[in-house]
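Analysis of the macromolecular model
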Amino acid sequence: MSGSVRARRQPSPPGKLAHSGPRFPHSRHDHLDADQRREAASKGLRPGRKVHAFGGLNLAPAEWRLLVVILIVAGFVRLFRISQPNSVVFDEVHFGKFASRYIKSSYFVDVHPPLAKLLITLAGWLSGYDGNFDFKDIAKVYENVPYVSMRMVPALMGVATVPLAYLTLRALDCRVTTALLASLFITFENGLITQSRHILLDSPLVFFTALTTFSWTAFCNEDHYEPFTESWWAWLTMTGLSLGAVVSCKWVGLFTIATIGLGTLKQLWTLLGDLRVSARLWIKHFVARAICLILIPAIFYMSMFGIHFLILSNSGDGDGFMSSEFQHTLRGRGMADTFVDVAIGSEITIRHVNTQGGYLHSHPHSYPGGSKQQQITLYPHRDSNNEWRIVNATAEGDPYTSWMDEDISYIPNGARVKIRHIQTDKSLHSHDVRPPVSDVDFQNEVSGYGIPGYAGDANDDWIVEIYKGDKRDKESFKRLRTLRTQFRLRHVMTGCYLFSHKVKLPDWAYEQQEVTCNKQAVLANSLWYVETSQHPKFPSDAPKVNYKLPGFFAKFWELQKVMWATNAGLTDRHTYDSRPDAWPRLRRGINFWVKDHRQIYLLGNPIIWWLSTAAVFTYAAVRGCLILRAQRGYHDFDSTKVVKYDALCGFLFIGWALHYLPFYLMGRQLFLHHYFPALYFAILLACSVFDLVTSTLRPRIRLQIAAVLLVIAIWNYTYFSPIAYGLPWTKAKCNKARWLKTWDFSCNDFLDDYSQYKSAFVPTPQKSSPAVVNNPNQGGIGAVPIGDPVKIQAPAEPDTTTLAFGQAEPGRDIFADHPHNDLKSQQSEAPRIVDDAVRDEPKEISSMAVETTSQVDAQSETPSTTKSIPATESSSETSSSTVGTTDTNAPEHAEGPKPEEEAEADRVREVLFPEVQID
């Protein structure tokens, strides 16, 4: 009986188990049953693998060899003829100049953060560049400039973007064919090629955007596998560093931060809903992400500005953007301690508070119109022409000399003063004459008026109105104190306030900032303070004061505000700007450079551009349909394939949307190159859609379809390569290549036949359409017509804080923000009409007796004793301003003789409106 019973095999001895691991491994690491796979798929998780590659990159050895080939191709495409043209192209006018200023340690202001500019500068410095080339004009031939080395920085970053596209899609679990297609699309995209071959910032921006996307994808793979491993921390830290780098190139990097931020919030929200995750573990996840994705990028960003401040230690043409305290941290702008008190007779310099336009300034040059008296401006640099003497306007005798015989007397609130320019002996003066630029009714001209020995008139008088003082110095609220008291100057005769705003005067005033007397002044633009004070009667041990120098964080925050304000103010339109709705359709490009019958024009590869746009809208439409189907009870999201591609394409779609849609909220100048980060996401999305569409096809068929798309893309690249590289082209081919009417590259700049390019300097038969130079400080292009081969004038960079000529600010009610109608004049204020006989006679204002001890120069503004003062020289308007005898026939408010244009306007007004009584 026992022979029919099979004996049981003895168990394995202890300590000699067949498997060293647990019998039932963690489902996330190894085997998943059907329910667990469905749950994982609903969360976007991929099935577990026994072997986990670093960052989820399971690349075969052949793929690494393929990546090397892709790099070689990308290097050839990006670096081909990079030394040509050998002259300044597009924004090299500015970014090359910034490199020169870094090397010279000369302070400047740009609206972009410094990282990309620092990298370009480093390449130039290592190549021996001395910073002496001025980068002044487009098409200016380089001399003693390692421009190839400087161009190599964005070019190599453009090359490095190509394998990042490949690795990102492979990390997202796309097929090799799909990743290859994406990398070659990036390689042969004409717009990215053109932008990466010159000293520009967009190629580093796109590179760090791609690096951030790849690092985040690899981190997500590690997080799905096992958190808090060494590789998990490595990829999370790399993501944070990349975020810091991308925002340190341009503020567009903030959109990349938003993309990663949304992904982080989704992860934390999912963990919060997982009951297997304890509160302590969730907090650990939160803190880790906060440190790596917030703190590390912030430190990196501020470190770039720390390097920026460390290098730019000398005074430069960007000083005028910064506050006085900031300026005094620069070498060459330091100021010796100055007396804290301001007394009658003090020699002072006066600075404007709001616009930081600089010092109240005058020089021995007259206005070409108006009163033709001496110019009063704001000047941003120290100069002896910034020095004034403040005296008591109510003093007996000559106020400019009587103070010498009196005791020290301070200047309290409400004091009536005169302010005289020391170098030219002209008093700060205002009258009812329109300013040269802000020619509006509520603005009066401010001029310098007077001669040595002349005590002046009432139009030289100003009332000091103290606005506020320093809380640490109570006396600064009661009387003028250097650096501590902010005050207004109200004109006694007209009630207007000394005022300045961001408006440049023309060349005849050396483009300095306009100063006016505004009857409806904005408070902030009417505030002034005394920067230096000297008085011969102050003892040497009298209290002194100086600027409190800001630390790093104060300088950092001030520069951020200056960059933001400058960026927000760039609202002017330009010939080559475009709006966001035109970018996905590739409606137009930007003309970079024209010379020697060649042209560089920023234009994308049409097939790549339009395929990526189609993919974006296709995903949006399909996702909308899936949502509607889910609402109707369909279970499409139960499919692991749908979940996988929805998560993949959804991430890329959000990246595209966050890098594109915010531009619709911006009123500033916008151009095609602003779309490049969004284009990168769109290309990856297009290839992801290709991966989905071809997922059911055999590999050979999939590869053949990809090959057809690549052939078309390469053909487009070759077809438009002459305007990407500045190669010879013919008019006929150029005209055929203009597929859209809005593509405004200039075919007339090319020759009729290639054989003609062998001849040197053949003149262009027809006038070319204008090319332009981009102004980085305006985020767009300055209108700079480029002829052939004439010298090109680049647009002015923001070396001062003023606006363009002739842009007067609107009027406002005094010290309020109510708009005021910008009227020239009112009929009730029109001057009296007189007959022609009287009109032709020379008019005089008040006859002023002036005692002089020396002969007055022929160009003096005040004639000799008892002689009447012509209105073109003096603008005294009331009899109270006379010294000595007064012309009793003069009207109470004489305005002086009118120019011929105004007199003619009066005649026309009388004919057209005879019913109007003009007093």
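Residue positions are counted from 1 within each chain, in the order its sequence is given. Owing to the predicted nature of the model, reporting of local features is limited to residues with pLDDT of at least 70; listing and counting of side-chain atom pairs is limited to 80 or more, with chain, interface and lining totals taken over all residues. Side-chain measures here rest on the full set of heavy atoms in the structure, leaving out hydrogens and waters.

Moving on: the overall build of the chain. In this text, helices come from DSSP runs of H or I with a minimum length of four residues, and strands from runs of E with a minimum of two, each type numbered from the N-terminal end. Scanning the chain from terminus to terminus reveals 22 helices and 21 strands. Relative accessible area decides the class of each residue, using a 1.4 Å probe on protein chains only: under 20% of the type maximum gives buried, over 50% gives exposed, and in between gives partly exposed. Across the 919 residues that make up the chain, the buried fraction comes to 53%. A separation of at least 24 residues holds for 74% of the contacts in the chain among residues at least 6 apart in sequence. In what follows, a contact means two residues having at least one pair of non-hydrogen atoms within 4.5 Å.

Here, axes are lines fitted to C-alpha atoms. For helices the fit covers the stretch in contact, and angles between N-to-C directions go from 0 to 180 degrees. The contact between helix α11 (residues 279-311) and helix α14 (residues 552-568) brings their axes to 11 Å, and the two run at 100°. Of the possible angle classes, the one that applies to α11 and α14 is roughly perpendicular. For the pair formed by α11 and α14, the contact residues are Y301, M302, F305, G306, H308 and F309 on the first element and F552, F553, K555, F556, L559, Q560 and M563 on the second. Residues are grouped as follows: Ala, Val, Leu, Ile, Met, Phe, Trp, Tyr, Cys and Pro are nonpolar; Asp, Glu, Lys and Arg are charged; all remaining types, including Gly, are polar. Classifying every residue of the contact of α11 with α14 gives nine nonpolar, three polar and one charged. Here the angle decides the label: under 35 degrees means roughly parallel, over 145 means roughly antiparallel, 65 to 115 means roughly perpendicular, and every other value means oblique.

The next point concerns the pairing of strand β5 (residues 387-392). Only strands that DSSP links by at least two bridges are regarded as paired with each other. Relative to β5, strand β2 (residues 347-352) runs antiparallel, the two being bridged by three bridges. Within the sheet, the bridge partner assigned to I348 lies in β5 and is W388. The pairing of β5 with strand β6 (residues 416-421) spans five bridges and is classified as antiparallel. Paired with W388 across the strands is H421, a residue of β6.

With that settled, the discussion passes to a nonpolar patch on the surface. Exposure above 30% relative accessible area and the absence of a salt bridge qualify a residue for a patch, where like charges join within 9 Å and nonpolar side chains (Val, Leu, Ile, Met, Phe, Trp, Tyr) within 5 Å. Every accessible area reported is derived by Shrake-Rupley at a probe size of 1.4 Å, with residue values counting cover from the shown protein chains alone. Here, a salt bridge means any Lys or Arg side-chain nitrogen found within 4 Å of an Asp or Glu carboxyl oxygen. On the surface, I283, F286, V287, I291, L295 and I299 cluster together into a nonpolar patch covering about 510 Å² of accessible area. Along the chain, I291 turns up in helix α11. Classification of I291 as partly exposed rests on a relative accessible area of 39%.

A few words on the packing of aromatic side chains. Stacked, edge-to-face and tilted are the three classes for Phe, Tyr and Trp ring pairs, Trp counted by its six-membered ring, which pair at centre distances within 6.5 Å; planes under 30 degrees apart are stacked, over 60 edge-to-face, the rest tilted. A full pass over the atoms with the stated rule returns 58 aromatic pairs. Ring centres 5.4 Å apart and planes at 85° place the aromatic pair F214 and W235 in the edge-to-face group. A residue pair is termed long-range when its members are at least 10 positions apart, and F214 in helix α8 (residues 202-225) and W235 in helix α9 (residues 230-249) qualify at 21 residues. Here the two residues F214 and W235 agree in accessibility, since each one is buried. Their ring planes at 50° and their centres at 6.3 Å tell us that F228 and W233 sit as a pair that is tilted. By relative accessible area, which is 19% here, F228 ends up buried. Ring pairs connect the aromatic residues F255, W583, W609, F617, Y619, F653, W656, Y660, F663, Y664, Y675 and F676, which therefore count as one cluster.

The next thing to look at is the pattern of salt bridges. Considering all chains together, one arrives at 31 salt bridges under this definition. Among the ionic pairs, R389 bridges to E347, the shortest N-O distance being 3.9 Å. Note that R389 is positioned in strand β5 and E347 in strand β2, a separation of 42 residues in sequence. Since its relative accessible area comes to 26%, E347 is described here as partly exposed. A single salt-bridge network, built from bridges that share partners, covers D341, D473, E475, K478, R479, R481 and R484.

It is worth spelling out the environment of A234 at this point. Relative to the assigned elements, A234 resides in helix α9. Using a relative accessible area of 36% as the deciding quantity, one classes A234 as partly exposed. It is 9.3 Å that separates the C-alpha atoms of A234 and S215, two residues lying 19 residues apart in sequence.

When the sulfur atoms of two cysteines come within 2.5 Å, that pair is taken as a disulfide. Throughout the structure, instances matching the rule amount to two disulfides. Linked covalently through their sulfurs, C496 and C517 form a disulfide whose S-S length is 1.9 Å. Judged by the sign of its S-S torsion, about 95°, the cystine formed by C496 and C517 is right-handed. Here C517 lies in strand β12 (residues 513-518) and C496 lies in the loop between β10 (486-491) and β11 (497-504), a separation of 21 residues in the sequence.

The next subject is unusual backbone geometry. A cis amide bond, omega 0°, links Q84 with the succeeding residue P85. With respect to the helices and strands, the residue P85 is situated in the loop between α2 (61-79) and α3 (92-104). The backbone of D173 sits at a positive phi, close to 70°, despite the residue not being glycine. Mapping D173 onto the fold places it in the loop between α5 (147-171) and α6 (176-187).

Residues with a pLDDT of 70 or more make up 77% of the chain, whose mean pLDDT is 81. Confidence scores labelled pLDDT are given residue by residue by the predictor and lie between 0 and 100. Per-residue pLDDT stays below 50 along residues 12-30; that stretch engages in 15 contacts with residues further than four places along the chain or on separate chains. Confidence drops under a pLDDT of 50 for residues 760-901, and excluding neighbours within four residues, the segment shows 342 contacts in the predicted structure.

Grouping buried Ala, Val, Leu, Ile, Met, Phe, Trp, Tyr and Cys residues that are joined through side-chain atoms within 4.5 Å yields what is termed a nonpolar core. Membership of the largest hydrophobic core comes to 155 residues, with the highest contact counts inside it found for F208, F592, W656, Y675 and F745. In terms of residue count, helix α17 (residues 676-693) provides more of this core than any other element does, 13 residues in total. Core analysis: the next-biggest nonpolar cluster, separate from the first, contains 31 residues, I376, V391, I419 and L498 among them.

Our next topic: the packing of α5 against α8. Remark: α5 packs on α8, axes separated minimally by 8 Å, with the N-to-C direction vectors making an angle of 25°. Judged by the angle between their axes, α5 and α8 are roughly parallel. The two elements α5 and α8 meet at a crossing, and its hand is left-handed. Along the contact surface, α5 presents P154, M157, G158, A160, T161, L164, L167, T168 and A171, while α8 presents S203, P204, V206, F207, F208, A210, L211, T213, F214, T217 and N221. Class assignment for the residues of the contact of α5 with α8 results in 13 nonpolar, seven polar and no charged. Throughout, a crossing is termed right-handed when the near helix is turned clockwise from the far one, and left-handed when it is turned anticlockwise from it by less than a right angle.

Now for the side chain of Q327. Tracing the backbone shows Q327 in helix α12 (residues 324-327). A relative accessible area of 1% means that Q327 is categorised as buried. Pairs of N or O atoms within 3.5 Å make up the polar contacts considered here, provided that, within protein, one atom can donate a hydrogen while the other can accept it, and that residues adjacent in sequence are counted only when both atoms are side-chain atoms. Within polar-contact distance, the side chain of Q327 engages the backbone oxygen of M322 at 2.8 Å. Other than its neighbours up to four places away in sequence, Q327 contacts D319, G320, M322, R333 and R351.

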